[in-house]
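# Close look at the chain arrangement
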Amino acid sequence: MKLKNYKLVIAILSVMFLTASCKKSFFTEVNHNPNVVSEVPPAVLLSTVEAALAYTQGGDISRYSSLFDQQVFGNASQSQSYYNYQVNPGVFDNVWPDLYTSTMENDYTLINLADAGGNNAYGGVSRILMAYTMQVTVDLWGSVPYSQAFHGNLSDQILHPIFDNDKALYDTIANLVDVGISKLNDADPGNLVPGAEDVIYGGDAGQWIKFGHAIKARLYLHQSKGNAAMATQALAEIAQSFTGNEDNAQYIFGTAETAANPWYQFNRDRPGDETYSTSTLAGRMLSANDPRYPIFFDPTNETLGKKGNHYGGLNDYYGSVNSPVEFITYDELQFASAEATLRATGSIATAQTLYQSGIKSNMEKLGVPTGAMNTYVAANGTLPTTSTDDAIAMVASQEFTALFLNPESWVLWRRTGSPALTPIAGSAIPRRLEWPQSEYSYNAANAPATNTLVAPKIFWDN
Amino acid sequence: MAKPILLLLIMIMSFGTLVFAQNREISGTVKDENGNPISGASIIIKGTKLGVAADALGRFTISAKSGQVLEISATNFTTTDFRLEGQNNVDITLKPGTNLMETVVVTALGIKREVRSLGTATQSIGSDELNKSGTGNPLSELQGKASGLTVINSTGDPGGGTYIRLRGVTSITGNNQPLMVVDGVPIDNSINNYDATFNGFSAGGANGQLVGGAQPTNRGVDINPDDIESINVLKGPAATALYGIQAASGAIIITTKKGSGRKGTSIQVNSSVTVDKVSQLPALQDTYSQGSEGLYSPPEDGASTSWGAAIDTLSWDGATDYAFDKHGNIVGKSSPKAKIPVTPYNRYSFFQNGVTYDNSVALSGASASDKSSYRLSLGNLAQTGIIPLSKYNKTNLSIAGQDKITKRLTASSGVTYVHSTNNKIQQGSQLSGAMLGLFRTPPTFDNSNGFSDAANQVSAYELPDGTQRNYRGGGGYDNPYWTVNNNPYLSELDRVLGYGQATYQVLDWLSANYRVGGDVYSQNDKQSYDIGSNASPAGAVYLIGYTNRQFNSDFTLNMHKTFASDWDASLILGQNYFVLNQFNRFSQGTSLVLPGYFDISNATSFLSAETEQRKRTMAFYGEATLNYKKELYLTLTGRRETSSTLPAANNTFFYPSASLAWIFTELPALKNSNVLSFGKLRASFAQVGKDAPLYALTTPFSTASFQDGFTNGITFPINGNAGYQISSATTTIGNPNLKPENTYSYEFGTDLEFFNNRIGLNATAYYSKSTDVIFPVSVPYSSGFAGALLNAATLENKGLELTLSTTPVKTISGVRWDVNFNWSRNINKVTQLYPGFDRIMVGGFGGGEAEIDAVVGQPFGVIYGNTYPRAVAGDLKSPLLISDVKGDPNYAMPIGGGVGPNEIIGNPTPNWIGSAISNLSYKGFVFSFQIDVKNGGDMWNGTRGALANKGTAGETSNRGAPALFKGLLGHLDDNGDVVHYAPDGVTELPGPGAANTIASTYNQFYWQNVGNSFGGPQEIDVENAGYTRIRQASLTYNFAKNLFGKNHFTNLSVTIFANNLKIWTKYDGVDPETSLGGPANDQGLDYFNNPGTKSYGVRLNLGL
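Description of the structure in this document. Because the structure is predicted, anything quoted here is derived from the model rather than measured.

## Structural notes on the sheet that holds strand 59 (residues 1022–1024) of chain B
All names here are of chain B. Pairing in this open sheet of three strands is mixed, and the strands run 59-53-62 from one edge to the other. Pairing within the sheet leaves two strands with one partner each, and these edge strands are strand 59 and strand 62 (1085–1086). Relative to strand 59, strand 53 (residues 938–941) runs antiparallel, the two being bridged by three bridges. If you follow Trp940 over to strand 59, its bridge partner there is Val1022.

What follows is the structure, given as structure tokens:
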């Protein structure tokens, strides 16, 4: 063997040895995704949580509730099925993750982040949002996971959370509000405070506190049937809550198609699947000469194309690209106050003032001309004195209109049976959503026994 | 090196030259039966293991003594012995490799080995068996050519994807397709896709999980079949263990042509023209109009269904100003306005004949000094599809060459450039899918508006005001002519593949080889929806760019020694480095201002995104082979690999393989038998690993975006505010403790040749078990996430593969008939998922409906969906429950409406697949055909379900016919339990009642809610998608070389051929070889998939 061959062998072996001695970082450094981040400030989570909550409530939740309580008409495809109560647990595998992942997991992360950074204002806002979301969730399903939820990526990883009792969850929600309010009242809001990214209140702590009281008012009112003490507690919360439409808790969507209001998106993408001016509610409003009818509905544009700012039969106020999704509004609290008064004291006169205020504040919000408003109130503003139940039924019937597209309208109907509705199919109108298939498939040990759209009822539904 | 062309071309010969000085120099040539030189043929002095390789002209010189025997072998030729009797010049003719066992194939890492020495199953496909179909798709050419190989064309669309799988599934969410290797370099076979209507962005995924969008292409189709010399299919882990993690699902080893080797220049021209027709379509009814409940409803009312009046009761009124029909409005026959009786429109007229021109020309030759050779080829495929405006145009330019630089140093390289443009058609579950709009069209609506070339007539699909002309007054689903014109999807590809290789013969027994190769491409897709498209009413433009860059480097030391005279050993030691970089850029512009102007600057709302994927692996490997008397062959391999995708603590792993081949016919007692000419038993064991998905170790924050299944949803930023999320409905929790996946397998086989190779039989049985399979375990969303990435699953595969090669007729007069059969059966079982989980979704629609799932105890990829309520809840074998609820429209029918449980409703995996390939030749004629059989295997025919619901399915013309549904009377009570009514019709008694005897009717309610999977349970639309088909038939005539007196050409042949000439199947949708999810793991769904094709063509091959 010639010398140069040995040199070559040595050279080759050297190359192999050098490549062999690669550092660990040679591999680990490339396994970091440059398109994501590992830490974020609270502001960018708050943006997400508010938008996700508004999109989920204004999308799936609003569709289910307003199809079931006949505020809208299911004309074709899935909407037609839901309108006829044809669902299965798989149907709810869109709304459930939007609540549990996009909304609440991100909110839970925000709570932890805010607390770790001593950012009390964010800690307060994030808890109020969590309380509201859980209240909506419990009112749809009853018992749901919370105490062990959102621990999927924490060090005490829980992949299969238990379902908490719905009545107990109401106490948990009230506690969340209390802690939230105390954080918002803290003299030190923290280094980082909510600002423009807070679409709901622009970082106004006072308004967030009022929203917290409004949530608690709902919690008590929902349990106030035959329970004057609860009604009294509701009144106490309302007193600390919204003082006008300017306090309304609502989310206003963006004008870009990627930030569009969910009803607008639905009508744009699925024209004619749902129609509006043919709903039970629309029929009632039309026969009552309700001046809000042309504000809610556009019968001339029921299925086809775009007209003005909106697609399909919803008119501009609720059907535009940047229409609001309302959480709790001043008018609802006026009606709630009327109902709570009737339940707490039975005073029809006091209730009637609040009731009329409810109608008026709703119409003012919607921009009904004063003349038309007064005509309507004159015709519909008198509560019956036959019984408090009759008065409550009338309050609820008007509140139901004011809660157009708001899932609270379905809660209201379930609690009061008003307005009277006839089942579209079968013998019973749904009183709950079914727990989603995913929980039965992937959390079988904890998911409750099979359920239907009518049973088991939510604990306050009696 | 004076010739410029040689600057481009360098050469390699695998084992360099060895010259024995003390012997006589003997020179010779190696040729095939046609007199063409065989370059690279190996000439070895028997018993010494000294040898040379033939040059590009088939010439060689070797030092040998008289009386020694030369053993000459070459890929795809029969190895021949030649005894030297004192000649200085020898001419050796090799016969084609009819005796497979004596041929040489390319195994892992480009190592050439005789088939007889292999302890594993491989199957080789020669160039004459490729590009017979004229589709220019090298992967679909593999159909039926090898046992154990599954090939599924997703659609007949030009440029459509092709899914290939060897044996069974070993990974749940990872890639299950074999590694593609071209000239020793792994190449990318990704699916790069953006589904604007459903799933968004997926680049390079194994699971597109598509249900809409345009059919994705896998990048393996870019190779030009005319450039391929041979394809060797390495089936099991033992055969591919040397390749490491990338080949854990087998490997497709492609060797390209390197040069004809004829001195001077030779030219090969291949040219074909193929006409495609639609192969099979769902039946549609022609008797009932648009509308509902027997009443006609005009297009402007927007009804989606065809449950209207009987067409023979309707007339056109002859109005000339009616935008939806040139015959006028539809009125009742008895109306005073009635003028022309309505006749149904032929919706199938939408399809056209597609035409494919496939042309390639190759120049090859060798330098006068014969040290160098080259091949230069140019190929073009120009295809128009059966759907108007679908197109695919692919141009391949390849140069390859080899050069013997010094006596010891040889080098070679090759570069291929591919450019393709593909006009794709929207399909599947989306409002702009072409088939969805087409097949739902009532027979009373003419999508073409009377034009025979409607695709080129704007007034066919647009009203004068520019809004859409379709059967739903502009809403609903797009007119298919609108879709093909106004929803264009153009995919453009530029790709360069190449390698360079050098071998240095360091010592007689030691050579060093280095090979570096790269695969770089950019795919630029532009997808647009015009204003008024139903999938995106405001209009949208999407620009998506994919850049893929991967490099592979292998350094090997090859050692070879003969000990004593009976023992022969070789050892290969190597090092591999692989790097992958993928960059994807995405821009979306929505809400267009001007209609018909598809430029992103025409949009008013914008979104952009990017992804970057980087990966590195490094490995050391070795292969030792030991051969005793050419009777026993032992091969041992080992590979130690490090991958960047795994946590640092677990990122290095080792896997071994061992195989043994025993040629038992070498035993003296069996040698030279006339019956059993050759016999081998083989056994192997291997363990292979797979690494983790990219970036799977952490749970990071990303830009927030959420959808609800009905709308496009919300994507941040909003109004200038950023939004980030740690979770959304699809987020998987990262896992810092992942381990590599592990598959161990063993296989046993035998290769037998009988009656002087007139009959050959190869049989292989295998078993494999994959453990620690990584997948995102679905967790309840209440955990805050959709999944957790875990080493959780265990999968098993066992199977049998048989290949039978026969030559029933072979006469002296030149008649020869070969028939080869391939048969395989794979039984896959998911043996374990994460504790507490019995099912996870692989793809499909989700929500427990029409999904493809992995279920414990079941074969991978079963169809899961909703079922009818039955007498025994959940038992699909128990009788159906027939509603006894009087007054309910469902009365006396199976209970529809999706209230039954969700169950496994089908299995897309066939019982077995087989093929028969026949070649009959006489004089210049060759008649060939190939029959493929897929026995069993289900498909969910969602198309049928939707068409039954909409009332356009052919079977719905039985409306009004009496029906008596079999089953037990009963219904479900409020708790979901099976009950039936007592005779009083009110009292509910537990369990089902008596057998149904109540007559019912096939009415609109039945077809909309019970007898279809659109409003009823999915189980109704699971069909047997097995088939028998004449995949190919062809007749070739080879003209005599002296046709024009002198030999002006080396070969000239004309072939007429047909693909999918005939299909026998029970499947009543489109061609059952289809896949909604594209070339991905989720096979078995059909929902308005674009149809398949049958084709007829003629091909000319000319060599000069």
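## Some points on the interface of chain A and chain B
Counting residues at the interface gives 91 residues for chain A and 89 residues for chain B. When chain A packs against chain B, close to 7,500 Å² is buried across both sides, 60% of that on carbon and sulfur atoms. Taken as a group, Phe27(A), Thr258(A) and Tyr442(A) account for 10% of the area that chain A buries against chain B, more than any other trio of residues on that side. At the boundary of chain A and chain B, one finds two salt bridges. For Asp708(B), the salt bridge identified is with Arg63(A), shortest N-O distance 2.9 Å. Mapped onto the side of chain A that touches chain B, the elements with two or more residues apiece are helix 1 (3–20), helix 2 (25–28), helix 3 (42–68), helix 4 (77–83), helix 5 (95–116), helix 10 (262–269) and helix 19 (437–442) of chain A. Top contributing element to the side of chain A that touches chain B by residue count: helix 3 of chain A, with ten residues. Of the residues that constitute the side of chain A that touches chain B, the class distribution is 42 nonpolar, 34 polar and 15 charged.

## Remarks on the sheet that holds strand 23 (residues 330–332) of chain B
Pairing is antiparallel across the open sheet formed by three strands, whose spatial order is 23-22-24 (chain B). The sheet is open, and its two edges are formed by strand 23 and strand 24 (340–341) of chain B, each paired on a single side.

## Concerning the pattern of salt bridges
Side chains carrying opposite charge are able to pair once their charged atoms draw close together. Applying the stated rule across the entire model yields 49 salt bridges over all chains. Across the pair Glu237(A) and Lys216(A) runs a salt bridge whose closest N-O atoms are separated by 3.7 Å. On the criterion of sequence distance, the pair formed by Glu237(A) in helix 9 (residues 228–239) and Lys216(A) in helix 8 (residues 205–222) is long-range, its members being 21 residues apart. On the basis of relative accessible area, Glu237(A) is assigned to the buried category, the value being 9%. Note that Asp751(B) and Lys680(B) form a salt bridge whose closest N and O atoms lie 3.4 Å from each other. Here Lys680(B) lies in strand 36 (residues 676–690) and Asp751(B) lies in strand 42 (residues 741–754), a separation of 71 residues in the sequence. We note that Asp751(B), like Lys680(B), is buried. The network of salt bridges with common partners includes Arg167(B), Lys235(B), Lys680(B), Arg682(B), Glu747(B), Asp751(B) and Glu801(B).

## Concerning the environment of Gln427(B)
Residues and elements named next belong to chain B. Positionally, Gln427 belongs in the loop between strand 28 (409–424) and helix 3 (434–439). On the basis of relative accessibility, which here comes to 1%, the residue Gln427 falls in the buried class. Separated by 662 residues in sequence, Gln427 and Asn1089 have C-alpha atoms that sit 5.9 Å apart. Separated by 3.0 Å, the side chain of Gln427 and the backbone nitrogen of Asn1090 make a polar contact.

## Observations concerning the packing of helix 7 (residues 166–185) of chain A against helix 8 of chain A
Residues and elements named next belong to chain A. Taken N-terminus to C-terminus, the directions of helix 7 and helix 8 make an angle of 165°; their axes are 10 Å apart at the nearest point. Judged by the angle between their axes, helix 7 and helix 8 are roughly antiparallel. When the axes of helix 7 and helix 8 are compared, the crossing they make is left-handed. Touching Tyr170, Ile173, Ala174, Val177, Asp178, Ile181, Leu184 and Asn185 of helix 7 are Ala205, Trp208, Ile209, Gly212, His213, Ile215, Lys216, Leu219 and His222, all from helix 8. Considering only residue class, the contact of helix 7 with helix 8 consists of eleven nonpolar, four polar and two charged.

## So, the pairing of strand 60 (residues 1027–1038) of chain B
All names here are of chain B. When strand 52 (residues 925–935) meets strand 60, the two strands line up antiparallel, connected through ten bridges. Across the sheet, residue Phe929 finds its bridge partner in strand 60, namely Ala1033. Bridge analysis of strand 60 against strand 61 (residues 1051–1065) gives eleven bridges, and the strand direction is antiparallel. Of the residues in strand 61, the one forming a bridge with Ile1030 is Lys1062.

## Some remarks on helix 6 (residues 120–141) of chain A
Its 22 residues place the ends of helix 6 of chain A 31 Å apart at the C-alpha level, agreeing with the 32 Å of an ideal helix rising 1.5 Å per residue. Two residues or fewer after helix 6 of chain A comes Gly142(A), characterised by a positive phi angle close to 80°.

## A word on the packing of helix 15 (residues 348–366) of chain A against helix 16 (residues 370–380) of chain A
Residue and element names in this part refer to chain A. Relative orientation of the contacting elements helix 15 and helix 16 amounts to 155°, with a least axis distance of 10 Å. The angle between helix 15 and helix 16 places the two elements in the roughly antiparallel class. Note that helix 15 runs across helix 16; the crossing there is right-handed. Along the contact surface, helix 15 presents Tyr355, Gln356, Ile359, Lys360, Met363 and Glu364, while helix 16 presents Met373, Asn374, Tyr376, Val377 and Asn380.

## A short note on empty space enclosed by the protein
All names here are of chain B. Per the stated rule, a full pass over the model turns up 17 cavities of 30 Å³ or more. Roughly 640 Å³ of volume is contained in the largest cavity. In terms of lining residues, the largest cavity is bounded by 44 residues, among which Thr150, Ile152, Arg165, Pro910 and Ile913 are the most central. When residues of the lining of the largest cavity are assigned to their parent elements, the largest contribution, five residues, is made by strand 45 (residues 816–832). Tallied by class, residues from the lining of the largest cavity come to 16 nonpolar, 19 polar and nine charged.

## Let's talk about the nonpolar core
Among the nonpolar cores identified, the biggest contains 210 residues, and Trp141(A), Phe211(A), Phe327(A) and Ile172(B) are the most heavily contacted of them. Among the elements that take part in this core, helix 3 of chain A stands out by supplying 13 residues, more than any other. Here Phe211(A) is in contact with Ile128(A), Tyr132(A), Tyr201(A), Phe242(A), Ala249(A), Phe327(A) and Ile328(A), once residues within four sequence places are set aside. Of all hydrophobic cores here, the second largest spans 22 residues; its members include Leu130(B), Leu166(B), Ile228(B) and Ile254(B).

## Some points on the packing of aromatic side chains
The way to describe two aromatic rings as a pair is by their centre distance and the angle between their planes. Residue and element names in this part refer to chain A. Following the criterion strictly, the structure yields 59 aromatic pairs over all chains and no others. Considering the side-chain rings of Tyr170 and Phe459, the 4.9 Å spacing of their centres and the 85° angle between planes classify their relative orientation as edge-to-face. Of this pair, Tyr170 sits in helix 7 while Phe459 is found in the segment after helix 19, placing the two residues 289 residues apart along the sequence. Residue classification places Tyr170 among the buried residues on the basis of a relative accessible area of 2%. These aromatic residues form a ring-pair network of at least three members: Trp96, Tyr100, Tyr108, Trp141, Tyr146 and Phe150. Lying over the aromatic face of Trp410, Arg414 brings its terminal NZ or CZ to 4.0 Å of the ring centre. Over the aromatic face of Trp435 sits the side chain of Arg432, whose NZ or CZ is 4.2 Å from the ring centroid.

## With respect to helix 9 of chain A
Residue and element names in this part refer to chain A. End to end, helix 9 covers 17 Å across twelve residues, agreeing with the expected 16 Å (1.5 Å per residue, within 8%). Where helix 9 is concerned, the buried positions are Met230, Ala231, Ala234, Glu237 and Ile238. Down the axis of helix 9, the smallest arc covering the buried residues is 115°, so these residues share one side. Seen from the open side of helix 9, the exposed residues pointing more than 90 degrees away from its buried face are Ala229 and Ala239. Tucked into the core, helix 9 has its buried residues touching helix 8 and helix 14 (330–344).

## Digging into the side chain of Gln285(B)
Residue and element names in this part refer to chain B. Within the secondary structure, Gln285 sits in the loop between strand 19 (264–278) and strand 20 (291–292). Separated by 2.8 Å, the side chain of Gln285 and the backbone nitrogen of Thr287 make a polar contact. If near-sequence neighbours (up to four positions away) are discounted, Gln285 is found in contact with Ser306, Arg347, Pro443, Gly951, Thr952, Ala953, Gly954, Thr956, Ser957 and Arg959.

Reading the values: the criteria
Residues numbered from 1 in each chain as written. Chains lettered and ligands numbered in written order. Predicted model: local features only at pLDDT ≥ 70, side-chain atom pairs only at ≥ 80, totals over all residues. Heavy atoms only, no water. Pairing = 2+ DSSP bridges. Helix = DSSP H or I, 4+ residues; strand = E, 2+ residues; numbered from the N terminus. Contact = heavy atoms within 4.5 Å. Buried area = accessible area lost by both parts, 1.4 Å probe. Salt bridge = Lys/Arg side-chain N within 4 Å of Asp/Glu carboxyl O. Nonpolar A, V, L, I, M, F, W, Y, C, P; charged D, E, K, R; others polar. Buried < 20%, exposed > 50% of the residue type's maximum accessible area, 1.4 Å probe, protein only. Polar contact = N/O pair within 3.5 Å; in protein donor to acceptor, adjacent residues only side chain to side chain. Axes fitted to C-alpha atoms, helices over the stretch in contact; angles between N-to-C directions. Parallel < 35°, antiparallel > 145°, perpendicular 65-115°, else oblique. Left-handed = near helix turned anticlockwise from the far one by under 90°. Expected span 1.5 Å × (residues − 1). 1 Å grid on protein atoms, 1.4 Å probe; cavity = no way out; pocket = protein on both sides within 12 Å on 5 of 7 lines; lining within 4 Å. Points joined across faces, edges and corners; volume = space filled by probe spheres on them. Core = buried A, V, L, I, M, F, W, Y, C linked by side-chain atoms within 4.5 Å. Phe/Tyr/Trp six-rings, centres within 6.5 Å; stacked < 30°, edge-to-face > 60°. Lys NZ or Arg CZ within 6 Å of the ring centre and 35° of its normal. Arc of directions from axis to C-beta.

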